[in-house]
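# Overview (structure and organization)
Residue strings, one per chain:
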Amino acid sequence: MELIVHPAPEVPTTIAPYTICDSDYDGVAQFDLTTMDVEILNGQDPTAVELTYHVSAANAEDGSNPIINVGNYTNNGNPQIIYVRLYDPITTCYDTGLFELIVALPPAAIQPTQLNECDDLGEVPGDEYTMFDLTVKDAEITGGNASWSVAYYETNADAQAQVNAIPDPTQYTNTEVNGQGANPQTLYVVVTDTDTGCVDFVTLTIRVLPNPTPTPSDLLPNLELCDDINTGDGFEVFDLTENETLIRNDEDGVTITYHETAEDADSGTNPIPDPTQYTNTGTPEQEIYVRMTKDATGCYALVDFTIVVHPLPSVVGVTDFIQCELFTDGFDNFDLTTKDAEVLNGQDSNAFTVSYHENVADAEAGMNGLVSLYTNISNPQQIFVTITNNETGCSISTQSFNIEVQEAAQANPDLDAIVFEECDNNMETDGDTTNDVTQFDLTTMNAEVLDGQDETTYIVTYYDNEVDANNKVNPLPTVYENVVNPQVIYARVDNDTPDGVTGIDTSICYAITELTLQVNPLPEFIIDENYILCVGTNGSEVLDPLEIQTGLSTADYSFEWSYEGTVMTAEIGSSLMPSVGGNYSVTVTNIITGCLQTDETLVTESGPPALTIDVLTQAFEENNVLQATALGDGVYEYSMDGGAWQDNGIFTNVFAGIHYITARDKNGCGMETKSEFIIDYPLYFTPNGDGQNETWNIEGIGSNAKIYIFDRYGKLLKQLSPDGNGWDGTYNGNAMPTDGYWFTVEYDEPLTGARKEFKAHFTLKR
């Protein structure tokens, strides 16, 4: 037999309780049990099983006494267990289970107190709108129950339907709803028990409280003090409450505190302990922040004002005001206003007022100011100064100076032009007198500048320009070389009044005058360093008679000539004709300026030569030499036959015949010419009728000489006399052919006088 196992219906092991919120707090409610069907069937086919609910486990087991009004069942206990039976009528299989019916009590929400917020800061007047954090009431409404949640609604309808809850209750701005005013405003609160889902309802009133209304910041004046205590440090003690009545703006029931920062004022922390004795921490300006709080509500408003420490006018040391007066009695009129610029030292004269006083009490009180012109009452006299800032009224009276009358100084009181003339230190050669310079000893002009004033009472100094003279800077050295000609410089005369204690010159009295430095030129002339004087002349000199000429006029200049250091008293002209050699000098003086110039020269004597000529070689030498010797006062040079000049008189390789040697003075003081004959024989002759070398002979050998001519074979062709016409190249009337021929000469040697014989040959050319 086949056994078939049918699946049994299954009831979930755990079924969630069925909870209904109690509406009347009696623990009884109407339950629709069919709402549990789906959970119990848990996906099983409702047509295949039968689901019944029972009040006891026994009834569920046997399926008896099922609950009939499953759609509207009233619990009989709280909680109450309901038993469930699933039965399969085909298989008769079943399963049972259970769950609880619970009637849950709703949360007991607490009606909250009114939520107040102060109006937004900075709104004047306030607009009665501000942002609320509604959640600050959560704990009050729930009584601190952590399992309850709170939601806020603008209308009761939304709250009952639990729709349109306020999205962010931490940032809610009150508003008008359905004609209901925005301030105060009623909100609707739903409190939900998150364990049961049961809710309770309360309302919350929110109200915008007004802030106090102090006088606005832009209407609060600054608190201003002058930097009188520890002048220059920028710190003073302020009474910050000085304008507190104005700040309060007639509002009572408020508390005012003062703070150094806006953050402290906003948070109400770190108030200034004693605002009546507050020393600023910032300078020259510092902002003070004021918190005005309503005592009843704690609402506050913030304003601020500025405290200012005005600097005092700046001060510098003021120099004494000294006036100079000729032949003074010690009293004079002073224009004190001329000291204003120095007193202010660059401060704007339109922004400050300067006043002058006879004593420090008047200066500090700003009273009894002196008017200009002011006549001193003592000499010297101390004057006290007050500077007042026209805008702030701050003043300072620490400056003072002396007014004093001193004896004046004079420079060149007779007003005659002063010209300081010196001679040039060099002779003028370029024609430009503006660059002439020399050294001036300026101290020599002191007496002329002072014009009789006592040199022990006054100090004279000299300057390149008037500015330096006035400022007494960059004085010229006492020995000064001009930079242009003429040059105007300035002499300063100071009253040398020494201080009784230090002995230092304290006087400012001085005067200035011009004087002109004039460099006068030296006489301009040039004489040579050397001159040549021709002596013993023979008419051959090329130099003119010597005259040393300065080229200057005797109408403008005087002349003093000297020879070898001795003045030639008879020579006073502009030129000199020396008669002997030696050292000469001339001193030329400008008759008008007295400038003089001395120059010197050396006159050297020179003259024509006495000439002698010597033949240094014997006749018929291969190298004939002549020696010329010039004697005399000059320096000589030599020339032979019009040839080049040479310093010595030796002439070599001189050919046969007569020669003319000239000696001349190199300085041009004359010359002399003499001749000499060189004995030698011609090497050839050409008897061809052209008129040149037609005969052969030996000249200058002396009349007692004998000459014999031979042909190459030794045949005597001709005997000649040196004084005759010579051989014409014929023998017995016949012309001899071109050839070499020999000769023998017997002669007396000119150098030694000895009788000698000489043989040689020559050529006949046709």
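My aim in this report is to walk through the structure given alongside it, one point at a time. Owing to the predicted nature of the structure, the values given are computational and were not obtained by experimental measurement.

So, on to the state of the cysteines. Across all of its chains, the model carries 6 disulfides by this definition. With a sulfur-sulfur separation of 2.0 Å, cysteine 423 is cross-linked through a disulfide to cysteine 595. Judged by the torsion about the S-S bond (-95°), the cysteine 423/cysteine 595 disulfide is left-handed. Of this pair, cysteine 423 sits in strand β25 (residues 419-423) while cysteine 595 sits in the loop between β36 (582-590) and β37 (596-606), and the two are 172 residues apart along the sequence. For cysteine 423, a relative accessible area of 25% puts it in the partly exposed group. Sequence-ordered numbering of the bonded cysteines in the protein chain yields a pairing of 1-3, 2-5, 4-7, 6-9, 8-11, 10-12.

Okay, the pattern of salt bridges next. All chains considered together, the criterion is met by 10 salt bridges. Ionic pairing is found between glutamate 637 and arginine 664, a salt bridge with its closest N-O pair at 2.6 Å. Placement of the pair is glutamate 637 in strand β40 (residues 636-640) and arginine 664 in strand β42 (residues 657-665), with a sequence separation of 27 residues. Residue classification places arginine 664 among the partly exposed positions, given a relative accessible area of 26%. A salt bridge links arginine 712 to aspartate 739; the nearest nitrogen and oxygen atoms lie 2.6 Å apart. Of this pair, arginine 712 sits in the loop between β45 (706-710) and β46 (716-720) while aspartate 739 is found in strand β49 (residues 739-748), placing the two residues 27 residues apart along the sequence. Judged by relative accessible area, which is 48%, arginine 712 ranks as partly exposed. Where salt bridges share partners, they join Lys472, Arg492 and Asp494 into one cluster.

Looking now at the environment of isoleucine 20. Following the sequence through the fold, isoleucine 20 ends up in strand β1 (residues 18-21). Residues within four places of isoleucine 20 in sequence aside, it is in contact with Ala29, Gln30, Phe31, Ile102, Val103 and Ala104.

Let us look at the nonpolar core. A general tendency of soluble globular proteins is for nonpolar side chains to be buried together. Among the nonpolar cores identified, the biggest contains 22 residues, and Phe620, Trp696, Ile698 and Trp727 are the most heavily contacted of them. For this core, the secondary-structure elements that each account for two or more residues are β45, β46, β49 and β50 (755-764). Considering each element in turn, this core owes the most residues, 4 residues, to β49. Once you skip the residues sitting within four places of it in the chain, tryptophan 696 turns out to touch Tyr681, Pro682, Tyr684, Phe685, Ile707, Ile709, Leu720, Gly726, Trp727, Phe743 and Phe762.

We now examine the sheet that holds β46. Two strands in a sheet stick together by hydrogen bonds in their backbones, pointing the same way (parallel) or opposite ways (antiparallel). Strand order in the open sheet formed by 5 strands is β44-β50-β49-β45-β46, and the pairing between neighbours is mixed. Edge positions in the open sheet fall to β44 (684-685) and β46, since each of these has one partner strand only. Pairing of β49 with β50 involves 10 bridges; the strand directions are antiparallel. From the neighbouring strand, glycine 740 faces β50, where its bridge partner is threonine 763.

Two faces make up the sheet, and in a regular strand the side chains alternate between them. As paired strands, β25 and strand β30 (residues 510-520) are joined by 5 bridges and run parallel to one another. When the bridges of β30 are listed, cysteine 423 appears paired with asparagine 520. In this sheet, β30 lies alongside strand β29 (residues 487-495) in antiparallel orientation, the contact comprising 8 bridges. Its bridge partner being in β30, tyrosine 490 is matched across the sheet by glutamate 514.

The rules we used
Residues numbered from 1 in each chain as written. Predicted model: local features only at pLDDT ≥ 70, side-chain atom pairs only at ≥ 80, totals over all residues. Heavy atoms only, no water. Disulfide = S-S within 2.5 Å. Helix = DSSP H or I, 4+ residues; strand = E, 2+ residues; numbered from the N terminus. Buried < 20%, exposed > 50% of the residue type's maximum accessible area, 1.4 Å probe, protein only. Salt bridge = Lys/Arg side-chain N within 4 Å of Asp/Glu carboxyl O. Contact = heavy atoms within 4.5 Å. Core = buried A, V, L, I, M, F, W, Y, C linked by side-chain atoms within 4.5 Å. Pairing = 2+ DSSP bridges.

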